[in-house]
Amino acid sequence: MEADGFVRKRRMTAESAGNDAGVAGASAGAEVRWLGGRFWGVSESIVSSLTPRIGGEPQLQSVDVVCAAPDAQAEDSEPDYESLPQGASTSTHMLAGAVAGIMEHCLMFPIDCVKTRMQSLQPDPAARYKNVIDALRRIVAAEGVWRPLRGLNATAIGAGPAHALYFASYEKLKKTLSDTIHPGANSHLANGAAGCVATLLHDAAMNPAEVVKQRMQMYKSPYRGVLDCVRAVWQREGPGAFYRSYPTQLTMNVPFQVLHFMTYEYLQELLNPHRQYNPSSHMLSGGLAGAIAAATTTPLDVCKTLLNTQESQALSSSGQSQGAHRRISGLVHAFRTVYRLGGLQGFFKGVQARVIYQMPSTAISWSVYEFFKYGLTKHQHENMRIQHIKAEV
């Protein structure tokens, strides 16, 4: 109730550029209020249940006290948080990943909206922007303060399970493959391979949410809300429309995540060689890794956006508005369309917004995830130390 009251107090009445903009603004405002209420409820349940659950798991209480040597230094030493302690369940990785993913996408969502619009191949004259700041200013002025947040609830719903699978599978495979390829040390090959598998699972869960989100972000989007968008796409284009861009998404995200994970782990070796909890190194490594990977894979992201949105003016300009083939149906078709309408420069439309989005996005994601890893590991270490003291008494 407090969260709902807070959102109502902060609610602003935005000027509208027409009926469509007014409906879009009202819809986006409702989504933000809905998401705020859900976030407060989930946060309270996590905070109230996390400590007793972790502290009360039988496998954690049954840890052999031999691991805490009689030496007083062993009792007070910091835990090796880089891999969560034995006994920590997969759900621990999934919880940390889900929270990190939701925070990452929600905090950077307005920039993501700008990126989607700037990647439009044939934008409306009123939706041609000079840069990210100009886009945000004009969107808010013409369509309302809530417009850059439209589709946020769809993203939050998809980001939770997608990032839970993403981080849990990455951590598990990274450790397993590293122990096989290069026992006792970090392996860049293992990091890259683990990132590939994690991407397959993440994109499978996230792709439908991406389709809905990007269609609602477009200028003059005809959809009243998330459910209306899902219903319309399902009826007009069939369920396959939600995975039309999945091969392209994988083609983009596999190299993106390989570059991302390998760069992050490499920078951690340079900036944090002892792999201790160091927020500044996690943030810097995550930000640089995201920026490099984002800039490199922008051409594929432009094609993915075209496949997701099926931009009407681009379809008309490429001669796809009439006849049997009225959809852009694959990566090769998307590449040809982008090149025909925008030339080589078309493949880098929105690169500035993409880098500006990904750099803080990955920095936030890694910082939140590493914080959860550290907090959970330290909590378990303290439990083990207390159990050892009680056993001695």
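If you look the chain up in an unreviewed UniProt entry, it shows as Mitoferrin-2 from Fundulus heteroclitus. The heading Catalytic activity (unreviewed entry) in the UniProt record of the chain holds the text "Fe(2+)(in) = Fe(2+)(out)". Turning to the chain, the UniProt record has this under Sequence similarities (unreviewed entry): "Belongs to the mitochondrial carrier (TC 2.A.29) family."

Draft legend 1. Spatial organisation of the overall build of the chain. For the chain, the helix and strand inventory stands at 16 helices and 0 strands. Partitioning the intrachain contacts of the chain with sequence separation of at least 6 by distance along the chain shows that 80% fall at a separation of at least 24. Surface exposure of the chain reaches about 18,800 Å², of which carbon and sulfur atoms provide 62%.

Draft legend 2. How the structure looks around helix H12 (residues 279-296). In this model H12 runs 26 Å from its N-terminal to its C-terminal C-alpha over 18 residues, within 8% of the 26 Å that 1.5 Å per residue would give. Among the residues of H12, those classed as buried are Ser281, His282, Ser285, Gly286, Gly287, Ala289, Gly290, Ala291, Ala293 and Ala294. Contacts made by the buried residues of H12 are with helix H11 (246-271), helix H13 (298-309) and helix H16 (351-392).

Draft legend 3. How the structure looks around a nonpolar patch on the surface. Taken together, the side chains of Tyr266, Leu270, Leu271, Leu284, Leu288 and Met359 make up a nonpolar region of the molecular surface, amounting to roughly 530 Å² of accessible area. The element that contributes the greatest number of residues to the nonpolar patch is H11, accounting for 3 residues. Inspection of the secondary structure assignment puts Met359 in helix H16. By relative accessible area, Met359 is classed as partly exposed at 35%.

Draft legend 4. Representation of the packing of H13 against helix H15 (residues 331-346) in the model. The interhelical angle for the contact between H13 and H15, taken along N-to-C directions, is 120°, at an axis separation of 9 Å. In this structure, the crossing between H13 and H15 has a hand that is right-handed. For the pair H13 and H15, contact is made by Leu300, Val302, Cys303, Leu306 and Leu307 and by Leu331, Ala334, Phe335, Thr337, Val338 and Gly346, respectively. Grouping the amino acids of the contact of H13 with H15 by side-chain chemistry returns 9 nonpolar, 2 polar and no charged.

Draft legend 5. Main features of the packing of aromatic side chains. In this structure the tally under the stated criterion is 14 aromatic pairs. Here Tyr170 and Trp366 contribute two aromatic rings whose centre-to-centre distance is 6.5 Å and whose plane-to-plane angle is 75°, an arrangement assigned as edge-to-face. Residue Tyr170 is located in helix H8 (residues 152-181), and its partner Trp366 is located in helix H16; the two are separated by 196 residues in the primary sequence. Aromatic pair Phe371 and Phe372: ring centres 6.0 Å apart, planes at 85°, arrangement edge-to-face. According to the relative accessible area criterion, Phe372 is buried, its value standing at 17%. An aromatic cluster is present here, built from Tyr166, Phe167, Tyr170, Phe261, Tyr264, Trp366 and Tyr369 joined pairwise through their rings.

Draft legend 6. Main features of the pattern of salt bridges. Under the defined criterion, the tally for this structure stands at 19 salt bridges. In this structure, the salt-bridge partner of Asp301 is Lys304, at a minimum N-O distance of 3.4 Å. With Asp301 and Lys304 both in helix H13 and 3 residues apart, this pair spans about one turn of that helix. Taking the relative accessible area as the measure of exposure, Asp301 reaches 1% and is therefore buried. For Arg354, the salt bridge goes to Asp301, with nearest N and O atoms at 3.4 Å. One end of the pair, Arg354, is in helix H16; the other, Asp301, is in helix H13, with 53 residues separating them in the sequence. Overlapping salt bridges bring together Asp112, Lys115, Glu210, Lys213, Asp301, Lys304 and Arg354 as one network.

Draft legend 7. Highlighting the side chain of His260. With respect to the secondary-structure elements, His260 resides in helix H11. Within the structure, the side chain of His260 is placed 2.8 Å from the side chain of Trp366, a separation counted as a polar contact.

Draft legend 8. Main features of the nonpolar core. Within the largest apolar cluster, 27 residues are counted, with the highest numbers of intra-cluster contacts made by Val114, Tyr129, Phe167, Tyr170, Trp366, Val368 and Tyr369. The biggest single contributor to this core is H16, with 7 residues. Here Tyr170 is in contact with Asn191, Ala194, Gly195, Ala198, Phe261, Glu265 and Trp366, once residues within four sequence places are set aside. Ala154, Val211, Val212 and Phe242 belong to the second largest nonpolar core, which has 11 residues in total.

Draft legend 9. Quick look at the environment of Tyr129. Structurally, Tyr129 can be placed in the loop between helix H6 (109-118) and helix H7 (132-143). Along the sequence, Tyr129 and Val114 sit 15 residues apart, while their C-alpha atoms lie 9.0 Å from each other. Dropping the residues within four chain positions of it, Tyr129 is found in contact with Arg117, Met118, Asp134, Ala135, Arg138, Ile139 and Glu143. Among the polar contacts made by the side chain of Tyr129, one reaches the side chain of Arg117 at a distance of 3.0 Å.

Cut-offs applied
Residues numbered from 1 in each chain as written. Predicted model: local features only at pLDDT ≥ 70, side-chain atom pairs only at ≥ 80, totals over all residues. Heavy atoms only, no water. UniProt positions renumbered as here; feature names shortened; annotations may be inferred. Helix = DSSP H or I, 4+ residues; strand = E, 2+ residues; numbered from the N terminus. Contact = heavy atoms within 4.5 Å. Areas by Shrake-Rupley, 256 points an atom, 1.4 Å probe, with all protein chains shown as cover. Expected span 1.5 Å × (residues − 1). Buried < 20%, exposed > 50% of the residue type's maximum accessible area, 1.4 Å probe, protein only. Patch = residues over 30% accessible without salt bridge, like charges linked within 9 Å, V, L, I, M, F, W, Y side chains within 5 Å. Salt bridge = Lys/Arg side-chain N within 4 Å of Asp/Glu carboxyl O. Axes fitted to C-alpha atoms, helices over the stretch in contact; angles between N-to-C directions. Left-handed = near helix turned anticlockwise from the far one by under 90°. Nonpolar A, V, L, I, M, F, W, Y, C, P; charged D, E, K, R; others polar. Phe/Tyr/Trp six-rings, centres within 6.5 Å; stacked < 30°, edge-to-face > 60°. Polar contact = N/O pair within 3.5 Å; in protein donor to acceptor, adjacent residues only side chain to side chain. Core = buried A, V, L, I, M, F, W, Y, C linked by side-chain atoms within 4.5 Å.

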